[in-house]
Amino acid sequence: MSTNNRINRWLPLFGAIILAAGFWLGFMLAGGSARRPYQDKLSRLYEIIENDYVDAIDLDSLLETQIPSLLKSLDPHSSYIPASDLEEVNGELEGSFSGVGIQFQVMNDTICVVEVIPGGPAEKVGLLPGDRIIAVDTIDIISRHISDEDVRSMLRGQKGTEVRVKVKRNNSARPLTFDIVRGEIPVTSVDAAYMIDPKTGYVKVNRFSKTTYSEFLQAISQLRYNGAESLIIDLRGNGGGYMEPAILMANEFLPPYSSIVMTKGRDTDSNSSIISDGTGAFSDIPLVVLVDEFTASSSEIFSGAIQDNDRGLVVGRRTFGKGLVQRPILLPDSSEVRLTVQRYYTPSGRCIQKNFQRGQADKYDEEIIERYNRGEVFNADSINLNTNEIFKTLNGRTVYGSGGIMPDVFVPSDTTGYSSYYVNVSNAGLLQKYAYELADLNREEFSKAKNVDDLLAMLPSDATLLQSFVSYAAQKGVPARWHYINISANLIVNYLKALIARDTLGFSASYEIFNSRDTAVARALQLLKDGEAQIPVRYERLRTNDTEVTTEYNE
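Calculation rules
- Residues numbered from 1 in each chain as written.
- Predicted model: local features only at pLDDT ≥ 70, side-chain atom pairs only at ≥ 80, totals over all residues.
- Heavy atoms only, no water.
- Helix = DSSP H or I, 4+ residues; strand = E, 2+ residues; numbered from the N terminus.
- Buried < 20%, exposed > 50% of the residue type's maximum accessible area, 1.4 Å probe, protein only.
- Contact = heavy atoms within 4.5 Å.
- Areas by Shrake-Rupley, 256 points an atom, 1.4 Å probe, with all protein chains shown as cover.
- Patch = residues over 30% accessible without salt bridge, like charges linked within 9 Å, V, L, I, M, F, W, Y side chains within 5 Å.
- Salt bridge = Lys/Arg side-chain N within 4 Å of Asp/Glu carboxyl O.
- Axes fitted to C-alpha atoms, helices over the stretch in contact; angles between N-to-C directions.
- Parallel < 35°, antiparallel > 145°, perpendicular 65-115°, else oblique.
- Left-handed = near helix turned anticlockwise from the far one by under 90°.
- Nonpolar A, V, L, I, M, F, W, Y, C, P; charged D, E, K, R; others polar.
- Pairing = 2+ DSSP bridges.
- Phe/Tyr/Trp six-rings, centres within 6.5 Å; stacked < 30°, edge-to-face > 60°.
- Expected span 1.5 Å × (residues − 1).
- Bend = angle between axes of the 7 residues up to and from the residue.
- Polar contact = N/O pair within 3.5 Å; in protein donor to acceptor, adjacent residues only side chain to side chain.
- Core = buried A, V, L, I, M, F, W, Y, C linked by side-chain atoms within 4.5 Å.
- pLDDT = per-residue confidence, 0-100.

Caption draft 1: Quick peek at the overall build of the protein chain. Broken down by element type, the protein chain carries 19 helices and 21 strands. For the protein chain, the proportion of its 555 residues judged to be buried stands at 52%. Sequence separation of at least 24 residues holds for 71% of the intrachain contacts in the protein chain that already meet a minimum separation of 6. By element, 50% of the accessible surface of the protein chain is carried by carbon and sulfur atoms, the whole surface being about 26100 Å².

Listed below in structure tokens is the structure:
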């Protein structure tokens, strides 16, 4: 069955749920047919401000500044998008836009970089997730009240224009400055798809957007054609997006009548239970899913469906823990509220939403930092499991709720090769700049490379490449310190090769090189080789009623 036919088969059900939920939420947001006391109170307050406040106030602007705070006081994921930003925000999941290429969150009046979009201008100059933007051009961000709208207006702009960004990075004593030329930001979901060994295909999915399922299905179908007998699906750093493509992807790997996800809200009539329809073409292929602490939302739905059905192995580190469902609601002025209306549950019954307290979004965001501080990402023994939330997979394995998805096989964060020298050149963006300049100088020659092996054969020896980079870094203000350089030599050389491959052959080629040193990928390959990711029990499900496949469309 073709991709379009599969999507079309479920579209009526998607549409019916969206329409019904929209009517219900519209009614709830309007407060029903009768006005409530708090509505009269709010109207009166705005009337007093408009008529009696000492200065003339634009009430529309006042409301725009208050809505985000109101929603943030509900939970960490409900949000507001002004009408002026809606097209650009949606473009990140449906098309393309012009800007610097970062995903951010405003926290404590600071712009926190949560994702650097691969291939975007910010990634090319060396911005990293976790950077805190403290100035944009001549505007100092520190100690200023700043909204998401303010950030977008500063960072986005016409293609080819330049913006100077100053950031504070945790491992740098001094602020770092980057000059970024705005450009078209690629919005694709599959960063890489290639045969990682003669029998194993590797797919890197960076988000769940409108085109994710079709991109993914095309990628894994090509890998199977190329001889893939097993798959590694890399969802590390994937913060989620739309729910629908995650469901469609899970459906490809599950036997008929397997639970994929359940959603439950205050209105029980809007609850749903989504099961596989039996049309998946990959229901028996050995499978490993790679996850980490930045794997969230729709990525956790997919991972949870695979884990709870004992369909494959989840490998890596505990996921983010976002189990709340947001629904987009268009307001009369074409702005949009993304309101949390449900929780989702994995097939075993887990809600993997981590704990939060209303009105404390900053503390919620810092939970990832706490994991690093207590050593959880480096040692499995440091993980705090919620033993009050114990569930069983299809074949009886124990899994835990309330705080992300625990992998079946833990792989710690790899800091091999890290040294103060590596941190300094990385913070200065010199690895990216050197790789780009080298690729640009040799573009005509490198363009003759048909694959990674061809390109690697054209590059200087490892020793020559390292020496050339060290000299370049010294000219840029980072002196050679060979004791530390030798510690990081393999890491630096491999990173440079991957960056050159990206600039020459594209992202998939860069992952071929990155993954050659990736400990989680190596562990996944070993598990597949040892047969650990085989389906442990060949099970069948009997259809006991005519329950139809239903789903939610959601971000």
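Caption draft 2: Structural detail: a nonpolar patch on the surface. Where nonpolar side chains cluster on the molecular surface, the patch consists of Y53, V54 and I57 and spans about 310 Å² of accessible area. Relative to the helices and strands, I57 resides in the loop between helix 2 (37–52) and helix 3 (59–72). The exposure class assigned to I57 is partly exposed, which follows from its relative accessible area of 36%.

Caption draft 3: Structural context of the pattern of salt bridges. Per the counting criterion, the structure on display carries 20 salt bridges. The salt bridge partner of E336 is R338, with a shortest N-O separation of 2.7 Å. In terms of burial, E336 and R338 fall into one category: buried. Residues E367 and R371 are paired through a salt bridge, measuring 2.9 Å at the closest nitrogen-oxygen approach. Here the residue E367 and the residue R371 both occupy positions in helix 11 (residues 367–373), the gap between them amounting to four residues, near one helical turn. When sorted by exposure, E367 lands in the same class as R371, which is buried. Connected via shared salt-bridge partners are R318, K354, E367, R371, R374 and E376.

Caption draft 4: Representation of the packing of helix 2 against helix 3 within the structure. Axis separation between helix 2 and helix 3 bottoms out at 11 Å; the angle between their running directions is 135°. On the basis of the axis angle, helix 2 is oblique to helix 3. As helix 2 runs across helix 3, the sense of the crossing is right-handed. Here helix 2 contributes Y46, I49 and E50 to the contact with helix 3, which in turn contributes L59, L62 and L63. Here the residues of the contact of helix 2 with helix 3 sort into five nonpolar, no polar and one charged.

Caption draft 5: Quick look at the pairing of strand 18 (residues 336–345). Among the ten residues of strand 18, eight are classified as buried, and the element is accordingly described as predominantly covered. By the bridge criterion, three bridges tie strand 1 (residues 79–81) to strand 18 in an arrangement that is antiparallel. Within strand 18, the residue paired with S79 across the bridge is R338. Note that strand 13 (residues 259–265) and strand 18 share four bridges and pair antiparallel. If you follow M262 over to strand 18, its bridge partner there is Y345. Two strands pair when backbone bridges link them, and strand 17 (residues 324–330) and strand 18 are joined in this way by seven bridges, in the antiparallel orientation.

Caption draft 6: How the structure looks around the packing of aromatic side chains. Applying the stated criterion across every chain, the model contains 13 aromatic pairs. Look at Y202 and Y511: their rings are 6.4 Å apart centre to centre, the planes differ by 35°, and that puts the pair in the tilted class. Placement of the pair is Y202 in strand 11 (residues 200–205) and Y511 in helix 18 (residues 507–514), with a sequence separation of 309 residues. Both residues of the pair, Y202 and Y511, belong to the buried class.

Caption draft 7: Focus on the sheet that holds strand 12 (residues 230–234). Ordered by their spatial adjacency, six strands build an open sheet running 10-11-12-15-16-21, and the pairing between neighbours is mixed. Taken across any chain shown, the strands that pair with only one partner, and hence form the sheet edges, are strand 10 (190–197) and strand 21 (409–410). Sheet analysis places strand 11 next to strand 12, joined by five bridges and oriented parallel. The residue bridging K204 from the neighbouring strand is D234, located in strand 12. Those strands touched by helix 9 (residues 298–308) are strand 12, strand 15 (287–291) and strand 16 (313–316), and its axis lies near 140° from that of strand 15.

Caption draft 8: Representation of helix 3 in the model. Under the 1.5 Å per step criterion, the end-to-end length of helix 3 is 20 Å for 14 residues, consistent within 8% with the ideal 20 Å. The largest bend along helix 3 measures about 25° and falls at Q66, with the proline P68 one to four residues further on. The set of residues buried in helix 3 consists of L59, I67 and L71. The N-cap residue of helix 3 is D58: its side-chain oxygen and the backbone nitrogen of D60 are 3.0 Å apart.

Caption draft 9: View of the nonpolar core. Within the largest apolar cluster, 39 residues are counted, with the highest numbers of intra-cluster contacts made by F216, I220, F253, I260 and F302. Discounting chain neighbours no more than four positions away, the residues touching F253 are F216, I220, L231, I233, F282, S283, I285, L287, F302, I306 and R311. If you look at the next biggest cluster of nonpolar residues, it comprises 34 residues, including A449, L459, L491 and A509.

Caption draft 10: Representation of the pairing of strand 13 in the model. Burial within strand 13 is extensive, with five of its seven residues counted as buried. Turn length for the strand 13-strand 14 (residues 272–275) hairpin, with the two strands adjacent in sequence and antiparallel, is six residues.

Caption draft 11: Up close: helix 17 (residues 482–505). Taken as a whole, helix 17 carries its principal kink of about 60° at S488. In the segment just after helix 17, G506 is the residue with positive phi, at about 110°.

Caption draft 12: Representation of the confidence of the model for the protein chain within the structure. Taken residue by residue, the protein chain gives an average pLDDT of 85. The fraction at 70 or more is 88%. Contacts of residues 11–28 to residues separated by more than four positions or lying in other chains number 18 contacts, the stretch itself having pLDDT below 50. Confidence drops under a pLDDT of 50 for residues 537–555, and excluding neighbours within four residues, the segment shows 56 contacts in the predicted structure.

Caption draft 13: Inspection of the side chain of D518 at higher detail. Here D518 lies in the loop between helix 18 and helix 19 (519–529). By relative accessible area, which is 19% here, D518 ends up buried. Looking at D518, its side chain comes within polar contact range of the side chain of R236, at 3.0 Å. Engagement of the side chain of D518 in a polar contact is seen with the backbone nitrogen of V521, the distance being 3.1 Å.

Caption draft 14: Examining the packing of helix 7 (residues 212–225) against helix 8 (residues 243–251) more closely. Close contact between helix 7 and helix 8 brings their axes to 8 Å; oriented N to C, the two are set at 25°. For the element pair helix 7 / helix 8, the angle class is roughly parallel. The element helix 7 and its partner helix 8 pack so that their crossing is right-handed. From helix 7, T212, Y213 and F216 reach across to helix 8, where they touch P245, L248 and M249. For the contact of helix 7 with helix 8, the per-class residue count stands at five nonpolar, one polar and no charged.

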